Amino acid sequence: MGSASGNELLIVSEEICQKIVGRGDAFKAVESVFGAMSRKDAYNFPVVREAIGHADALYGFKSGFDKAGMSLGVKSGGYWPGNMAKGLSNHQSTVFLFDPDTGRLGALVGGNYLTAVRTAAASAVSIAHLARKDSKVLGMVGAGHQSQFQLRAAVEQRDIEKVVAWNFHPEMLPKLGAVAEELGLPFETVEREQLGAEADVIITITSAFEPLMMKDWIKPGTHIACMGTDTKGKQEVDVALVAAASVFTDEIAQSISIGEAQHAIAAGTLKEADITPIGEVINGNHKGRSSDDEITLFDGTGVGLQDLAVASVAAKLADEQGLAKRVAL
Ligand code: NAD
């Protein structure tokens, strides 16, 4: 956490977060907290998420404590579907960081940009540890707000030569294509079967409630990061694909309850014991991919500790660079 002295609170705005927290910072912070979770040095508290009965909003908390990184706090926020019409993002969140030694509130950090950058960092960490080294084609399923962050982070992990993409709402694809173009990568919109046939690495980042990618469409050796499923009932890939893959996740408890694995667990085609926390691979306790033909699947459900990790980086950098507002408590 940033080191506001005495009784001062640091405030780090969305704008400052965007300016100072880069993809490399987020990657390191997220990789390190996944490792800490596997060592039991860091744990997430139960998530609260409620419909508040006003403005159709869903509001909640994600919180935890990382003893290794000394991050204690909570991300509070949710989803307000009417915000777009007001010129605001539908997803709104703020991270509160507390001093683990005293419980004193230390920093308030804008959580919107950080959510996108930490989610992209999670799939990037999975690609770094699980995708075949010779992966060349990235397949993007989804073209919403998160997808652009996902694309930028993913292509930094392998020598990607081409991006193939599909989206349920095709009119959203050109924006993602513009990011690929900016990165100097050919971008092709394709049908899902072709995406599966071409891609070495696939990222799914949608709000789907039914499978979009089928087992028979995927090549042996593919790595797939399922990032959209973060709620009970959501689903992006075929249960048979989950069953056929070696499954890794950020947190097993979330993977089986709100993640992509929830459906394969319910269908009885996957057991909890078959899922490996990615932290085990990061810590060198699990070898990760075992052959070039293996399909690896990362079930990225999004944990509060990721938010605290990147917010701590934001608070520290903003404090060091004199960019945080300081308020006496
Ligand atoms: P967005 O609203 O900007 O985009 C939604 C995406 O889902 C678009 O690609 C849209 O075309 C697609 N989509 C909508 N309805 C669909 C349907 N019925 N079938 C297939 N596709 C459909 O949202 P976003 O901010 O890009 O977030 C995408 C998803 O990622 C959401 O489900 C969100 O909850 C999830 N998310 C997960 C994490 C995590 O840590 N795992 C973090 C942030 C967001």
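About the cut-offs
- Residues numbered from 1 in each chain as written.
- Predicted model: local features only at pLDDT ≥ 70, side-chain atom pairs only at ≥ 80, totals over all residues.
- Heavy atoms only, no water.
- Core = buried A, V, L, I, M, F, W, Y, C linked by side-chain atoms within 4.5 Å.
- Buried < 20%, exposed > 50% of the residue type's maximum accessible area, 1.4 Å probe, protein only.
- Domains from an automatic or database assignment.
- Near = heavy atom within 4 Å.
- Polar contact = N/O pair within 3.5 Å; in protein donor to acceptor, adjacent residues only side chain to side chain.
- Helix = DSSP H or I, 4+ residues; strand = E, 2+ residues; numbered from the N terminus.
- Nonpolar A, V, L, I, M, F, W, Y, C, P; charged D, E, K, R; others polar.
- Contact = heavy atoms within 4.5 Å.
- Buried area = accessible area lost by both parts, 1.4 Å probe.
- Salt bridge = Lys/Arg side-chain N within 4 Å of Asp/Glu carboxyl O.

Before going further, it helps to spend a moment on the nonpolar core. Where a protein is soluble and globular, its nonpolar side chains tend to be buried together. Of all hydrophobic cores here, the largest spans 66 residues; its most connected members are Phe-34, Val-109, Leu-114, Leu-138, Met-140, Leu-151 and Ile-203. Two domains each put at least three residues into this core: domain 1 (8-115 + 305-328) and domain 2 (131-302). Grouped together as the second largest cluster of nonpolar side chains are 26 residues, Trp-166, Cys-226, Ala-245 and Leu-297 included.

With that settled, the discussion passes to the site of the ligand. Near the ligand lie 23 residues; those nearest to it are Arg-118, His-145, Asn-167, His-169 and Lys-234. In the model, an oxygen atom of the ligand is placed 2.8 Å from a nitrogen or oxygen of the His-145 main chain. If you list the elements that add at least two residues to the shell around the ligand, you get helix H3 (112-130) and helix H4 (145-154). Of the residues that constitute the shell around the ligand, the class distribution is seven nonpolar, 13 polar and three charged.

Moving on: the domain arrangement of the protein chain. Interface size is often expressed as the accessible area that is lost when the parts come together. When the domains of the protein chain are assigned, the result is domain 1 (8-115 + 305-328) and domain 2 (131-302). Counting residues at the interface gives 14 residues for domain 1, matched by 18 residues for domain 2. Buried surface at the junction of domain 1 and domain 2, summed over both partners, amounts to about 1200 Å²; 53% is from carbon and sulfur atoms. Looking only at domain 1, the three residues that lose the most surface to domain 2 are Arg-23, Phe-34 and Ser-38, adding up to 40% of its buried area. Linking domain 1 with domain 2 are one salt bridge. A salt bridge links Arg-23 to Glu-156; the nearest nitrogen and oxygen atoms lie 2.9 Å apart. Applying the counting rule to domain 1 against domain 2 returns five residue pairs in polar contact (both at pLDDT 80 or more). Of all the secondary structure elements, the ones that give two or more residues to the side of domain 1 that touches domain 2 are helix H2 (23-38) and H3. Per-element tally for the side of domain 1 that touches domain 2: the top contributor is H2, with seven residues.

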